[in-house]
Amino acid sequence: MMTTIKDVARMAGVASSTVSCVLNDKGNVSEPTRIRVLEAASQLNYVRHGPASELKRNSTQTIGIIVHDMSSPYFSDLVNGIETVVMSHGYDMIVCSSLGGEKSTAHRYIRERRIDGAIVIAQNIQDQLLIEASEAGFPIVVMDRDLDAQHIVKVLMSDTQGGYLATRYLIDKGHRTIAYISGPSQSECNLHRYQGYLKALKEAGIEENPEWKIGGQYMKQDGYDAAKKLLEGELPSAVFFANDEMAIGGLEAFREHNISIPEQLSVIGFDNIPASQYMNPPLTTFRQPKRDAGQLAGHVLFQLLNGEIVETLYTLDIQCVERDSVRLLNLS
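All of these numbers come straight from a predicted model, not from anything done at the bench.

Definitions and cut-offs
Residues numbered from 1 in each chain as written. Predicted model: local features only at pLDDT ≥ 70, side-chain atom pairs only at ≥ 80, totals over all residues. Heavy atoms only, no water. Buried < 20%, exposed > 50% of the residue type's maximum accessible area, 1.4 Å probe, protein only. Helix = DSSP H or I, 4+ residues; strand = E, 2+ residues; numbered from the N terminus. Pairing = 2+ DSSP bridges. Axes fitted to C-alpha atoms, helices over the stretch in contact; angles between N-to-C directions. Contact = heavy atoms within 4.5 Å. Core = buried A, V, L, I, M, F, W, Y, C linked by side-chain atoms within 4.5 Å. Expected span 1.5 Å × (residues − 1). Polar contact = N/O pair within 3.5 Å; in protein donor to acceptor, adjacent residues only side chain to side chain. Parallel < 35°, antiparallel > 145°, perpendicular 65-115°, else oblique. Left-handed = near helix turned anticlockwise from the far one by under 90°. Nonpolar A, V, L, I, M, F, W, Y, C, P; charged D, E, K, R; others polar.

### So, the pairing of strand β11 (residues 313-316)
Logical step 1: Taking every second residue as pointing to the same face, the buried face of β11 carries Tyr314 and Leu316, while none of Leu313 and Thr315 on the other face is buried.
Logical step 2: As paired elements, strand β5 (residues 152-157) and β11 share four bridges and run parallel to each other. Bridging across to β11, lysine 154 finds its partner in leucine 313.

Shown next as structure tokens:
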């Protein structure tokens, strides 16, 4: 079996990118590390093969994870899932923020190919930038984004199904007046959840009340503000928040106004972030298999890096996590 650069890295106890820097006489590598890498390469009889080594010379041995807001708990399981795969391949991983638009770190790393490939979770990276980069042989996997392009692979969680199931769950509990607190209007996953909400209402013969659709940005404060707005008028019997962070903010506002959950108002969230189980009452929500999705995205990206043929779309199902924030209405 031919010795690879990863074998050398494993014996030397360094990253593959460090081995690459030493063998190509590039980068700032300390003398003890350089000697250790060269000794490992010698012991393993590592041989650089002409054309292949030239191709590897431009490799960073680093994968980029592109997120919008690194502080959001939504991303932790996703990134952890990706990380397990990246580490198993001996690569490094860098998480880039897309905040700042075209001047962001994420834009620069993709545009200048400072990484070997990217998993894009952020929604605000322009489609055209991703399409142009992927067409130039730069492997890209997008998550929660329905971008159809020849060289881009999609890993989606069925947000339409999730929005439908969450609303159907409330309807099956006897609720006919259901508010929807949405995420950003430009967010595809929010749009799909809203479409699922509308589908469930239509199937049940329930007409949407425009006053009970309030926009937010997926932040706790947005949920708090939306709940305050709902409290100004006639309350529905249930509220579907498009994510758990907003639902947590909403619970806080309802508690301030002495609205008992779920006795006076049922609340359901989405994402199953860790904090949702510690609310008072614990929040009923819908779980996205984020860690599984992250691992899948990582495996697909490395298949692309290895030149393998993969599917263009992978979809994962969403599951209900039933807790105590929704009550059964009298159905008689």
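### Quick word on the sheet that holds strand β8 (residues 238-241)
Logical step 1: Spatially, the four strands line up as an open sheet ordered β7-β6-β8-β9, and their pairing is parallel. Single-partner strands in this sheet number two, and they are β7 (213-215) and β9 (266-268). Taking the axes of each pair of neighbouring strands and ignoring which way they run, one obtains an average angle of 15° across the sheet.
Logical step 2: As paired strands, β8 and β9 are joined by three bridges and run parallel to one another. Paired with phenylalanine 240 across the two strands is isoleucine 268, which belongs to β9.
Logical step 3: Each of β6 (178-182), β8 and β9 touches helix α8 (residues 159-172); the most contacted strand, β8, lies at about 165° to it.

### Remarks on the side chain of threonine 33
Logical step 1: As for its position among the elements, threonine 33 is in helix α3 (residues 31-43).
Logical step 2: With relative accessibility at 15%, the residue threonine 33 sits in the buried group.
Logical step 3: For threonine 33, the contacting residues outside a window of four places in its chain are Val14 and Thr18.

### A word on the nonpolar core
Considering soluble globular proteins, one finds that nonpolar side chains tend to be buried as a cluster.
Logical step 1: Counting residues in each nonpolar core, the largest one holds 43 residues, and the members touching the most others are Phe240 and Phe254.
Logical step 2: Of all the elements in the fold, those that place two or more residues in this core are α8, β6, α9 (188-203), α10 (220-230), β8, α11 (244-256) and β9.
Logical step 3: Counting residues in hydrophobic clusters, the runner-up holds 26 residues, among them Ile82, Val86, Ile119 and Ile121.

### Examining helix α12 (residues 290-305)
Logical step 1: Compared with the 22 Å implied by 1.5 Å per residue over 16 residues, the 23 Å span of α12 between its first and last C-alpha is a close match.
Logical step 2: Regarding α12, the residues found buried are Lys290, Ala293, Gly294, Ala297, Gly298, Val300, Leu301 and Phe302.
Logical step 3: Looking at the buried residues of α12, the elements they touch are β1 (62-67), α5 (74-88), β3 (117-120), β4 (140-143), β5 and β11.
Logical step 4: Just beyond α12, the residue with positive phi is glycine 307, at close to 75°.

### Side note on the environment of lysine 173
Logical step 1: Along the chain, the position of lysine 173 falls in the loop between α8 and β6.
Logical step 2: Each C-alpha atom, one on lysine 173 and one on leucine 329, is 6.0 Å from the other, the two residues being 156 residues apart in sequence.
Logical step 3: In terms of polar contacts, lysine 173 uses its side chain to reach the side chain of glutamate 322, at 3.3 Å.

### Considering the packing of helix α1 (residues 5-12) against α3
Logical step 1: Where α1 contacts α3, the two axes come as close as 9 Å, and the packing angle between them is 120°. By the angle between their axes, α1 is oblique relative to α3. As α1 runs across α3, the sense of the crossing is right-handed. Here Val8, Met11 and Ala12 of α1 lie close against α3, whose contacting residues are Arg36, Val37, Ala40, Ala41 and Gln43.
Logical step 2: Across the contact of α1 with α3, the residue classes tally to six nonpolar, one polar and one charged.

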